[in-house]
Amino acid sequence: MPLYRYKAVAPTGETQEGDMEGPSQAAVLERLQAMALIPIRVEETASRAEASSRGLSLFGKKSVSQDDVAVFTQELATLLKAGLPLDRCLEILIGLSANELVRALMTEMREEVRGGAALSKAMEAHPEVFSRFYLNMIRAGEAGGALDVVLQRLNEFMERSRELKETVKSALIYPAILVGVAVLSVAVLLMWVVPQFSQMFEESGKALPLPTQIVIAAGDFVRNYWWAVVLAAVGVYSWFSRQMREPASRYRWDARLLGLPLVGDLVAKLEVARFSRTLGTLLGNGVTLLTALSIVKETLSNTVMSEGLSAVAAQLKEGKGLAKPLMEIGLFPKLAVHLVMVGEETGKLQEMLIRIADIYDREVHSAVKRMLALMEPVLILGLGLVIGGIIMSILVAILSVNDLAM
């Protein structure tokens, strides 16, 4: 459908500009007049597809971040709770936003809303910004006449999810620094320090100890073929990325990940926390259990657990409930499954799921601390052994040369 750029005057005398889709220029003029606007200029700019390929890609994940969406959600919930109409809320947010891309997104949404579209319908045009979970929550809020309440719950959900993600990311910073320092230190020793002694060892004419020979050979290889090391690293990364894009390979890697000690337990707890909070939030806003499960399946990053939910959904259709199928697939912790069972029996499944999410959020925090407490000494010890081994191999060779001289 063609996209038209318009300029019009409101009854208050304010000039408005924006973009609007329509089958023809006349249809856009009629729509503007129906909105109580006086059209000044209406010009065709581009089709929706062309705009998406040229401009609306700006609304991709790399441009409008989830942090931007969270801020938008919180501000919109606050304005709606104050009793302002939706289009007025969007207009205020357009003026408040400092991000040009967010302003353009909200402007388009405002025009859709002023044209009579629901907010969820306006958001559907941007699936790369608003997830299926987000859209279903908005639809549930619109159907129940409690959009402000749903937006507030969405904001709380996004805040808790962000906190959980930041906890894991923050915990990985220190180990990543240690690994980086280790690689840099070994590279400096092999490429610049070891070669300083190589000539002296060659002039001695004595057979060097095996550890020294290995270190010198490693230094020569890194110094002469460092580009091959870089290419190999890039090749491994590309191969692994390709593996993770293929469903069958991704499934195998995810299964191996779940089987790892400590790491597998942490991944399982992360997924259980995400599953419980998402499902509980959806159920609390009137989304049916079967529909909610299909949405939750898309939010899980581990494909093994995601596929497990497909089997759960199939048994749920047969009337077997939620807890029993979760127990049968054997992927979710027994504590979580038993709490789900209690929630079903008491008719408080939504509350119990939120409680499970809180429990496993704390479990993730504890697991991250335990892993970090274990990783730090292991990495430091490994770094010390590697660097110490290189230095000791050089010292042993120096002592053997001195003995020869004496």
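Just so we're clear, the structure is a prediction, and the values are computed from it rather than from any experiment.

> Whenever I open this one, the overall build of the protein chain confuses me. Can you help?
Helix and strand counts for the protein chain come out as 16 helices and 3 strands. Buried positions account for 38% of the 406 residues belonging to the protein chain. Considering only intrachain contacts with a sequence separation of at least 6, the fraction spanning at least 24 residues in the protein chain is 59%. Summed over all atoms, the accessible surface of the protein chain reaches about 22000 Å², with 62% contributed by carbon and sulfur.

> Explain a nonpolar patch on the surface to me, please; I cannot follow it from the model alone.
A surface patch of nonpolar side chains, amounting to about 810 Å² of accessible area, comprises Phe 221, Tyr 225, Trp 226, Trp 227, Val 229, Val 230, Leu 231 and Val 234. In this fold, Tyr 225 is placed in helix α9 (residues 210-245). Of the residues examined, Tyr 225 reaches a relative accessible area of 41% and is grouped as partly exposed.

> Is there a simple way to think about α9 in this case?
Because an α-helix packs 3.6 residues into every turn, residues spaced three or four apart end up facing the same way. Across its 36 residues, α9 extends only 44 Å between first and last C-alpha, which sits more than 12% below the 52 Å expected from 1.5 Å per residue. Among all positions in α9, only Thr 212, Val 215, Ile 216, Gly 219, Val 222, Ser 241 and Gln 243 are buried.

> Please explain the environment of Ser 366 as it appears in this structure.
Its location among the elements puts Ser 366 in helix α16 (residues 349-405). Overall, the relative accessible area of 34% leaves Ser 366 in the partly exposed class. Taking the C-alpha atoms as reference points, Ser 366 and Leu 266, separated by 100 residues in sequence, lie 9.5 Å from one another.

> It is not clear to me how the packing of aromatic side chains should be interpreted in this structure. Could you clarify?
For any pair of aromatic rings, the description consists of the separation of the ring centres together with the inter-plane angle of the planes. Scanning all chains against the criterion turns up 7 aromatic pairs. Ring plane angle 35° and centroid distance 5.5 Å describe the contact between Phe 221 and Tyr 225, whose orientation is recorded as tilted. Here the residue Phe 221 and the residue Tyr 225 both occupy positions in helix α9, the gap between them amounting to 4 residues, near one helical turn. The interplanar angle of 80° and the centroid separation of 5.2 Å between the aromatic rings of Phe 240 and Trp 253 together place this pair among those described as edge-to-face. Taken together, the residues span a long stretch of sequence, with Phe 240 in helix α9 and Trp 253 in helix α10 (residues 247-259) at a distance of 13 residues. Residue Phe 240 is classed as partly exposed on the basis of its relative accessible area, which comes to 34%. Exposure remark for Trp 253: the relative accessible area of 25% places this residue in the partly exposed category. Of the aromatic side chains, those joined through ring pairs into one cluster are Phe 72, Phe 130 and Tyr 134. Across from the ring centre of Trp 253, 4.8 Å away, lies the NZ or CZ of Arg 256, which sits over that ring.

> Can you help me understand the packing of helix α11 (residues 263-284) against helix α12 (residues 289-299) in this one?
If you want to describe how two helices pack, look at the angle between their axes and the distance between the axes. As a packed pair, α11 and α12 sit with axes 9 Å apart at the nearest point and diverge in direction by 145°. The two elements α11 and α12 cross, and the hand of that crossing is right-handed. The residues of α12 that touch α11, namely those facing Arg 274, Phe 275, Thr 278, Leu 279, Leu 282 and Leu 283, are Leu 289, Ala 292, Leu 293, Ile 295, Val 296 and Thr 299. Within the contact of α11 with α12, the residues separate by chemical class into 9 nonpolar, 2 polar and 1 charged.

> Where do I start with the nonpolar core in this structure?
Counting 75 residues, the largest nonpolar core has Phe 72, Phe 130, Tyr 134 and Phe 275 as its most contacted members. Broken down by element, the residue count for this core peaks at 10 residues, all from α16. When near neighbours in sequence (up to four residues on either side) are disregarded, Tyr 134 contacts Val 69, Phe 72, Thr 73, Met 123, Leu 151, Leu 154 and Met 158. Core analysis: the next-biggest nonpolar cluster, separate from the first, contains 12 residues, Leu 208, Val 215, Ile 216 and Ile 390 among them.

> What is the right way to read the confidence of the model for the protein chain from this model?
The predicted coordinates of low-pLDDT regions are not to be read in fine detail. Confidence in the prediction for the protein chain averages 80 pLDDT; 89% of positions are at 70 or higher. For the protein chain, the element scoring lowest by mean pLDDT is helix α2 (residues 48-54), at 41; helix α15 (residues 334-346) scores highest, at 89. Contacts of residues 46-62 to residues separated by more than four positions or lying in other chains number 32 contacts, the stretch itself having pLDDT below 50.

What counts and how
- Residues numbered from 1 in each chain as written.
- Predicted model: local features only at pLDDT ≥ 70, side-chain atom pairs only at ≥ 80, totals over all residues.
- Heavy atoms only, no water.
- Helix = DSSP H or I, 4+ residues; strand = E, 2+ residues; numbered from the N terminus.
- Buried < 20%, exposed > 50% of the residue type's maximum accessible area, 1.4 Å probe, protein only.
- Contact = heavy atoms within 4.5 Å.
- Areas by Shrake-Rupley, 256 points an atom, 1.4 Å probe, with all protein chains shown as cover.
- Patch = residues over 30% accessible without salt bridge, like charges linked within 9 Å, V, L, I, M, F, W, Y side chains within 5 Å.
- Salt bridge = Lys/Arg side-chain N within 4 Å of Asp/Glu carboxyl O.
- Expected span 1.5 Å × (residues − 1).
- Phe/Tyr/Trp six-rings, centres within 6.5 Å; stacked < 30°, edge-to-face > 60°.
- Lys NZ or Arg CZ within 6 Å of the ring centre and 35° of its normal.
- Axes fitted to C-alpha atoms, helices over the stretch in contact; angles between N-to-C directions.
- Left-handed = near helix turned anticlockwise from the far one by under 90°.
- Nonpolar A, V, L, I, M, F, W, Y, C, P; charged D, E, K, R; others polar.
- Core = buried A, V, L, I, M, F, W, Y, C linked by side-chain atoms within 4.5 Å.
- pLDDT = per-residue confidence, 0-100.

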